[in-house]
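Each chain, letter by letter, is given below.
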Amino acid sequence: MEALSLISAALTRVVFMALLFFTSHPWPRTEAAKPAQELVKGFEAIPDSTVDSFQTLLADPDGNFSFGFLRVNRTRLSLAVIHRNLSDPVWVSDPTRSASWSGKTRLFFNGSLVITDRSSRVEWSTGTDGDRVVLRNDSNLQVEKTKPSQTVVWQSFDFPSNTLVENQNFTSAMTLVSPNGLYSMRLGNDFIGLYADDSHQMYWKHKALEAKAKIEDGSGPVHIRINPNGYLGMYQRGNTPVDVEAFNSFQRPTTGLLILRLEPDGNLRGYLWDGSQWALNYQAISDTCELPNPCGPYSLCTPGSGCSCIDKQTRPGPGFGGCTHSTQDQSDLCDGAPARFTVLRRNGVEVPFKELREHKTASSSEECEAFCEEKCECWGSVYNNGSGFCYLVNYPIHTMLGVADEGKVGYFKLREGVGKGKRWEVGSTVGIAFVCGTVLVLTVAMGFVGLRVWRRERRVSRILEEDGGLSPGPYKDLGSDSFNSIEMSRR
Ligand SMILES: *[C@@H]1O[C@H](CO)[C@@H](O)[C@H](O)[C@H]1NC(C)=O
Ligand SMILES: *[C@@H]1O[C@H](CO)[C@@H](O)[C@H](O)[C@H]1NC(C)=O
Ligand SMILES: *[C@@H]1O[C@H](CO)[C@@H](O)[C@H](O)[C@H]1NC(C)=O
Ligand SMILES: *[C@@H]1O[C@H](CO)[C@@H](O)[C@H](O)[C@H]1NC(C)=O
Ligand SMILES: *[C@@H]1O[C@H](CO)[C@@H](O)[C@H](O)[C@H]1NC(C)=O
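For clarity, every value in this text was computed on a predicted model and none was experimentally measured.

**Student:** Describe in detail the overall build of the protein chain, supporting the description with residues and values.
**Tutor:** Per the secondary structure count, the protein chain includes four helices and 34 strands. Considering only intrachain contacts with a sequence separation of at least 6, the fraction spanning at least 24 residues in the protein chain is 53%. A total of about 25,500 Å² of accessible surface is found on the protein chain, and carbon and sulfur atoms cover 54% of it.

Printed below as a string of structure tokens:
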């Protein structure tokens, strides 16, 4: 069962990745004319109602990247930069907001690139006083001043969404956010951190090795940048990196473009454009079970055997569906006194990325559980009877790690009252039984009705024949007329 779910998880992932990165021409070209290479003052555009995915407004000199209106959830609009062979945009103007895909939404350039809604309210603006807008061949959208000299007054590289492109500087003031808004990447004073935003829990940390240069106090924050030679470099001053995180193509001569993205599963992946496709070139987290929530709420991820459920009775739903309790209200347990919850215990459980978590020490699992039980913000605890370490989980339970050591005991609170009868397996079994039953009943009923129609028609045709009138012929479909007549004849 667990092997099966591992295989299906792996398959889902493969299909997902294939869809995401190797679809050729995911953006149908609707415009016949060659797209503009620059936008000047006076430029204005409204979304075209006939476009169903992307409306190009500006292209880079090579025609690889386009800037324009991206249709989101059928009715919404985002300003985005896309690559012709990548189904996710490399940049969106504001990941948290979108405008409406309607003729009343307007984009114009008056020195600022401005998007306004139906009541001419400004939704988003670059807030600049430039002369033109251009899209560089590395996907950087820039507002430039051309007089007295050419200067960049605004660039999309300073406002990344989930993607970093070769040579783009990512500073400690910036954040990469996964497209589903669940995960983020930020820089610390000497490390790169990945965080689950709902729990504020760091789940991956890459600390600078400081092999070639040391980080100096008082020399300002660090920044990172993808080097074309195949690594993610961390810099403090100048061009000597304080850290080099190698990609697969490190020190191998390549001519393609490298990008790094924070993906919906919380992993940070690098891709190399080799001229025809995007190839996976780097992965921050290689073990699936070390991802922040690979199997969903109240699940267990066991290295080598995949996803299962903490309660042993249910199976995790597909995707990040989670277990029994995933449909439950996950608002905290601090909403009123006293908190109502039931308790689930399981041996052979560990907290993931425990080296990034704080712990207490306790003399027994009972003592560890008591720390959690009393605190309404605590959803669970894991006790290691070997080391005496007690980990408290202060957010709704996500995927935990399954381990062989039975001395590691998990204690989990389940919010009471909601979620009854929502068990995935039981629910779906009941559902399937219901559907099968309905089909059976319907088949029997149709058969019965059909038989009656047939008998009746035989009778009718015999009567007609006997009357010497018109025969209705050998066949008659069981259309609504026949049913109506059956209904009528029953009355
Ligand atoms: C451009 O238009 C916006 C919105 O109408 C306005 O706030 C801004 O001042 C204008 N900028 C320039 C340089 O005219
Ligand atoms: C992009 O343009 C710059 C000049 O602006 C050029 O030096 C570089 O080779 C170009 N890169 C690609 C991949 O075409
Ligand atoms: C990134 O920063 C370096 C110096 O820190 C600078 O030379 C380079 O132009 C910056 N790149 C971009 C795309 O802004
Ligand atoms: C851009 O297009 C040129 C050919 O027009 C190609 O050689 C190059 O690899 C492309 N770069 C990207 C990043 O798509
Ligand atoms: C920890 O628990 C396991 C299984 O419950 C038990 O076999 C072992 O003796 C315990 N170890 C200690 C140090 O209490």
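**Student:** Please provide a residue-by-residue account of the site of ligand 4, values included.
**Tutor:** Lining the immediate surroundings of ligand 4 are Asp-62, Asn-64, His-83, Leu-257 and Trp-273. Contact distances for ligand 4 include 2.8 Å between an oxygen atom and a side-chain N or O atom of His-83. At 2.9 Å, a side-chain N or O of Trp-273 approaches an oxygen atom of ligand 4. In isolation ligand 4 offers 360 Å² of accessible surface; the protein chains occlude 59% of this area. Classifying every residue of the shell around ligand 4 by side-chain character gives two nonpolar, two polar and one charged.

**Student:** Got a sec to walk through empty space enclosed by the protein? Specific residues and values, please.
**Tutor:** Over the atoms a probe the size of a water molecule is rolled, and this reveals where empty space is left. The final tally for this structure, using the stated rule, is five cavities of 30 Å³ or more. Residue lining of the largest cavity: Leu-77, Ser-78, Leu-79, Ser-93, Asp-94, Arg-97, Ser-98, Ala-99, Ile-115, Glu-123 and Trp-124, and that is the complete set. Secondary-structure elements contributing two or more residues to the lining of the largest cavity are strand 5 (76-83) and strand 10 (122-125). The class makeup of the residues in the lining of the largest cavity is five nonpolar, three polar and three charged. Taken together, Val-90, Trp-91, Ser-139, Ser-156, Phe-157, Pro-160, Ser-161, Thr-163, Val-165 and Gln-168 form the lining of the second largest cavity. Here the residues of the lining of the second largest cavity sort into five nonpolar, five polar and no charged. Residue-level mapping places the lining of the second largest cavity at the junction of two domains, with at least three residues from each of domain 1 (39-157) and domain 2 (163-286).

**Student:** Account for the nonpolar core, naming residues and giving values.
**Tutor:** Counting 34 residues, the largest nonpolar core has Phe-67, Phe-69, Leu-107 and Leu-141 as the members making the most contacts within it. Residue-level mapping places this core at the junction of two domains, with at least three residues from each of domain 1 (39-157) and domain 2 (163-286). Here Leu-107 is in contact with Phe-43, Glu-44, Ala-45, Leu-57, Phe-67, Phe-69, Leu-79, Leu-113, Val-114 and Ile-115, once residues within four sequence places are set aside.

**Student:** Residue-level account of the state of the cysteines, with values.
**Tutor:** For the structure shown, the criterion picks out five disulfides. A disulfide bridge connects Cys-309 with Cys-323, and the sulfur atoms are separated by 2.0 Å. Here Cys-309 and Cys-323 share a disulfide; its torsion about the S-S bond, -95°, makes the bridge left-handed. Within this pair, whereas Cys-309 is found in strand 27 (residues 306-309), its partner Cys-323 is found in the loop between strand 27 and strand 28 (341-347), the two being separated by 14 residues in sequence. A single burial state applies to Cys-309 and to Cys-323, both of which are buried. Between Cys-368 and Cys-390 runs a disulfide, and the two sulfur atoms are separated by 2.1 Å. One disulfide, between Cys-368 and Cys-390, carries an S-S torsion of 80° and so falls in the right-handed class. Linking Cys-368 in helix 2 (residues 365-373) with Cys-390 in strand 32 (residues 389-393), this pair joins segments that are 22 residues apart in sequence. Residues Cys-368 and Cys-390 agree in their burial class; the two are buried.

**Student:** Requested: an account of the packing of aromatic side chains, with residues and values cited.
**Tutor:** Counted under the stated rule, the structure contains 10 aromatic pairs. Look at Tyr-231 and Phe-250: their rings are 5.7 Å apart centre to centre, the planes differ by 90°, and that puts the pair in the edge-to-face class. You can see Tyr-231 sitting in strand 21 (residues 231-235) and its partner Phe-250 sitting in the loop between strand 22 (243-246) and strand 23 (257-262), a full 19 residues away along the chain. Members of the aromatic cluster, connected to one another through ring pairs, are Trp-91, Trp-124, Trp-154 and Phe-159. Taking the ring centre of Phe-191 as reference, the NZ or CZ of Lys-205 above it sits at 4.4 Å.

**Student:** Summarise the pattern of salt bridges; cite the residues concerned and give the values.
**Tutor:** Tallying each qualifying case throughout the model produces 15 salt bridges. The salt bridge partner of Lys-145 is Asp-131, with a shortest N-O separation of 4.0 Å. Highlighted residues: Lys-145 in strand 12 (residues 141-145) and Asp-131 in the loop between strand 10 and strand 11 (132-135), separated in sequence by 14 residues. Assessed through its relative accessible area of 25%, Lys-145 is described here as partly exposed. Across the salt bridge formed by Arg-237 and Glu-216, the nearest N and O atoms sit 2.9 Å from each other. With Arg-237 in the loop between strand 21 and strand 22 and Glu-216 in the loop between strand 19 (201-207) and strand 20 (223-227), this pair connects stretches of sequence that are 21 residues apart. Residue classification places Arg-237 among the exposed residues on the basis of a relative accessible area of 52%. Residues joined in a network through salt bridges with shared partners are Glu-38, Arg-132, Arg-136 and Glu-144.

So, how was this worked out
- Residues numbered from 1 in each chain as written.
- Chains lettered and ligands numbered in written order.
- Predicted model: local features only at pLDDT ≥ 70, side-chain atom pairs only at ≥ 80, totals over all residues.
- Heavy atoms only, no water.
- Helix = DSSP H or I, 4+ residues; strand = E, 2+ residues; numbered from the N terminus.
- Contact = heavy atoms within 4.5 Å.
- Areas by Shrake-Rupley, 256 points an atom, 1.4 Å probe, with all protein chains shown as cover.
- Near = heavy atom within 4 Å.
- Polar contact = N/O pair within 3.5 Å; in protein donor to acceptor, adjacent residues only side chain to side chain.
- Nonpolar A, V, L, I, M, F, W, Y, C, P; charged D, E, K, R; others polar.
- 1 Å grid on protein atoms, 1.4 Å probe; cavity = no way out; pocket = protein on both sides within 12 Å on 5 of 7 lines; lining within 4 Å.
- Points joined across faces, edges and corners; volume = space filled by probe spheres on them.
- Domains from an automatic or database assignment.
- Core = buried A, V, L, I, M, F, W, Y, C linked by side-chain atoms within 4.5 Å.
- Buried < 20%, exposed > 50% of the residue type's maximum accessible area, 1.4 Å probe, protein only.
- Disulfide = S-S within 2.5 Å.
- Phe/Tyr/Trp six-rings, centres within 6.5 Å; stacked < 30°, edge-to-face > 60°.
- Lys NZ or Arg CZ within 6 Å of the ring centre and 35° of its normal.
- Salt bridge = Lys/Arg side-chain N within 4 Å of Asp/Glu carboxyl O.

By themselves, these observations are geometric and do not establish any function.
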